[in-house]
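Understanding the architecture of this molecule
These are the residues of each chain, in order.
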Amino acid sequence: MGGKCPHRKVKKRRYSHKTYRRSKFLIKGDDAVYEELQKLDDEKKPLPVDEDLPGMGQYYCVHCDRYFASVAVRDEHFKTKRHRKRLKQMMGPAPHTQLDADLAAGMGMPDNGPKLMSM
């Protein structure tokens, strides 16, 4: 009997499940990012200095809703496949909103047709 444990061949996960779940709730939704991108340039404010964020909150990717430690790291991020995919997604049609979901579920305003005159 004996032999090696059959579970030794299983590779470790690249990313922690806990990290994935945590980051999923910290990022903005697609609709919030899309609305922010649609704002005019004069409505956009300069980024405030925040000591808790990487790079004091000065290096930010609007499309991915991520902060970076330096300009070099942010520029490398712009070249990644994940950023290009997100950029293409945000330049396409508007993402679904909560109102769309409510209407699809039948929870929106009822459409009872035109009102009839009552006498």
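Source: prediction; values computed, not measured. Each chain carries its own residue numbering, running from 1 in the written order of its sequence. Thresholds applied to this predicted model are a pLDDT of at least 70 for local features of residues and 80 or more for the giving and counting of side-chain atom pairs; totals over whole chains, interfaces and linings are not thresholded and use all residues. Computation of side-chain values covers all heavy atoms of the structure but excludes hydrogens and water.

Considerations on the pattern of salt bridges
A pair is scored as a salt bridge if a Lys or Arg side-chain nitrogen falls within 4 Å of a carboxyl oxygen belonging to Asp or Glu. A full pass over the atoms with the stated rule returns three salt bridges. Asp75 is the salt-bridge partner of Arg74, the closest N and O atoms lying 3.9 Å from each other. Here the term buried applies to any residue with accessible area under 20% of the maximum for its type, exposed to any over 50%, and partly exposed to those in between, with areas from a 1.4 Å probe on protein chains only. Take Asp75: its relative accessible area is 33%, and that puts it in the partly exposed class.

A look at the environment of Leu87
For the purposes of this entry, the term helix denotes a DSSP run of H or I that reaches at least four residues, the term strand denotes a run of E that reaches at least two, and both are numbered from the N terminus. Tracing the chain through its elements places Leu87 in helix H4 (residues 81–91). When its relative accessible area of 30% is taken as the criterion, Leu87 is described as partly exposed. Considered as a pair, Leu87 and Cys64 are 23 residues apart in the sequence and their alpha carbons are 8.1 Å apart.

Points about unusual backbone geometry
The backbone of Met56 sits at a positive phi, close to 60°, despite the residue not being glycine. As for its position among the elements, Met56 is in the loop between helix H2 (30–38) and strand S1 (59–61). Of note in the backbone geometry, Asp65 takes a positive phi value of approximately 60° without being a glycine. Secondary-structure assignment places Asp65 in the loop between S1 and strand S2 (66–68).

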